[in-house]
Structure formats: C-alpha cells, structure tokens
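Remarks on the overall topology
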Amino acid sequence: GAAPKLGTRINMCPVDYVAGASVAIATGAASLGKCHHMYNPTAFYYEDYFGQATAYGYSVQLVEYDDWKARLLKFTQDKTNQSTLFGVLHIVLEDLPGGTKSPALDATNTLAAIQGTEVRCAAIPDVIGHYFSYLIKAGWLPPIPQGAPRQRELPQLEGSAHVIVRSNKN
C-alpha cells in the first residue's frame, strides 16, 4: 500500500494516560476552573505511524500527497474494491494536508494535575504494537502477511476484540 507524506504531527495519547489524567484532574481541587489538554510530549508524525506499520511487517510506501490522492481515487473507482472507510473518503480527498494541522496545545495544567501520581504518557512507538494487534483481531486491519520482513513482532492479545459501532436504531 501507499501513504501520503504529510509532515503533520499526530497527538496520540494512550487511553491509560487519558483515563489516569482525567481522574487526577477530576479529583484535584487545584484543577477546578482550568483548561486541561491531553498532549503526548513525545513527537509522533504520520510518517512515523506508517514507519511503525512497516516495522511490524506491513508494506507501506510513502509518496507525495497528490500521487497518493490519485492512487486512492483510482482504487475507489474500481467497483470490486470494498472498504468501510469509503464513508469518510471525502475528508481525505478535499485537503488532507491542510485539514490535519492542529493548534499547539499547552499541557501545563494537566502535567500539574498528575504531578505526584503514577500517571505517565507512553511514547506511541512503545505501545502501537498493541493497537495494531487489536485492530487486526477486531477485523479492521488485515493480518500481516506470512513471511513479510519485519523488525518488530506484534504483541499477542488475550481474549476477544470487538468493535463497537453506533447504530441509528432507537
């Protein structure tokens, strides 16, 4: 597959961090009335995400955005291709590079709220293997091809994985 070169930072925070920080904020009197941003201090970019996918065995070629967009359009025009992501296709075809820019966040209040606790924000490369394992198990990513070159092994998850979807049923 191919992925666009965007040069955009992704603010991915592990759910354990968000949950722990949320509890610390909610139970801390000094946090009342303040704005708290959840921000991962370890820089992680779109290119890093696809580099991690490659390290685990997926074949991903980074290409310029316009080239990627043309490939994606061609892929979607082939009626034999199916993807649950077709519903959000308009988002990536309009102006993905411009639309993925986000404002700088100030995590000062959050860091103050978690000071003295065991809450820490893991770097995404340290936990992303678990995300890939979950997405594969839940059926959102295809399994890594047998014999694919890899630099890292996926962690094994215990139990089952379920994707919760929203329905329009009342």
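The structure this text deals with has already been given above.
Residues numbered from 1 in each chain as written. Predicted model: local features only at pLDDT ≥ 70, side-chain atom pairs only at ≥ 80, totals over all residues. Heavy atoms only, no water.

Another aspect to go through is the overall build of the protein chain. When helices and strands are counted, the protein chain shows six helices and two strands. Order of helices (α) and strands (β) in the protein chain, N terminus to C terminus: β-α-α-β-α-α-α-α. Here the protein chain holds 170 residues, and the buried ones make up 31% of them. The contacts in the protein chain between residues at least 6 apart in sequence include a share of 78% that link residues at least 24 apart. When the accessible surface of the protein chain is summed, it comes to about 11500 Å², and 57% of that surface belongs to carbon and sulfur atoms. (Helix = DSSP H or I, 4+ residues; strand = E, 2+ residues; numbered from the N terminus. Buried < 20%, exposed > 50% of the residue type's maximum accessible area, 1.4 Å probe, protein only. Contact = heavy atoms within 4.5 Å. Areas by Shrake-Rupley, 256 points an atom, 1.4 Å probe, with all protein chains shown as cover.)

Moving on, we get to the nonpolar core. With 13 residues, the main nonpolar core has F44, Y56, I124, I128, F132 and I144 as its most contacted residues. Once residues lying within four places of it in the same chain are set aside, the contact partners of I144 are Y56, G57, Y58, I136, R150 and L154. Counting nine residues, the second-largest nonpolar core is a separate cluster that includes V63, Y65, L72 and L89. (Core = buried A, V, L, I, M, F, W, Y, C linked by side-chain atoms within 4.5 Å.)

This part covers helix α1 (residues 15-27). Since there are 3.6 residues in each turn of an α-helix, residues three or four apart along the chain are aligned in direction. Its 13 residues place the ends of α1 18 Å apart at the C-alpha level, agreeing with the 18 Å of an ideal helix rising 1.5 Å per residue. Along α1, the residues classified as buried are Y17, G20, A21, A24 and I25. Buried positions in α1, seen along its axis, are confined to an arc of 135 degrees and lie on one side of it. Exposed residues on α1 whose side chains face more than 90 degrees from its buried face are V15, D16, V23, A26 and T27. Buried positions along α1 lie against α5 (108-114). (Expected span 1.5 Å × (residues − 1). Arc of directions from axis to C-beta.)

Following the criterion strictly, the structure yields five aromatic pairs and no others. Measuring from centroid to centroid gives 5.1 Å for Y49 and F50, while their planes differ by 90 degrees, and the two rings are edge-to-face. A residue is classified by how much of its surface remains accessible, and Y49, at 23% relative accessible area, is partly exposed. (Phe/Tyr/Trp six-rings, centres within 6.5 Å; stacked < 30°, edge-to-face > 60°.)

Another point: the environment of H130. Following the sequence through the fold, H130 ends up in helix α6 (residues 124-137). Residue classification places H130 among the partly exposed positions, given a relative accessible area of 41%. Once you skip the residues sitting within four places of it in the chain, H130 turns out to touch P155 and L157.

Geometric descriptors of this kind do not, in isolation, establish any biological role.
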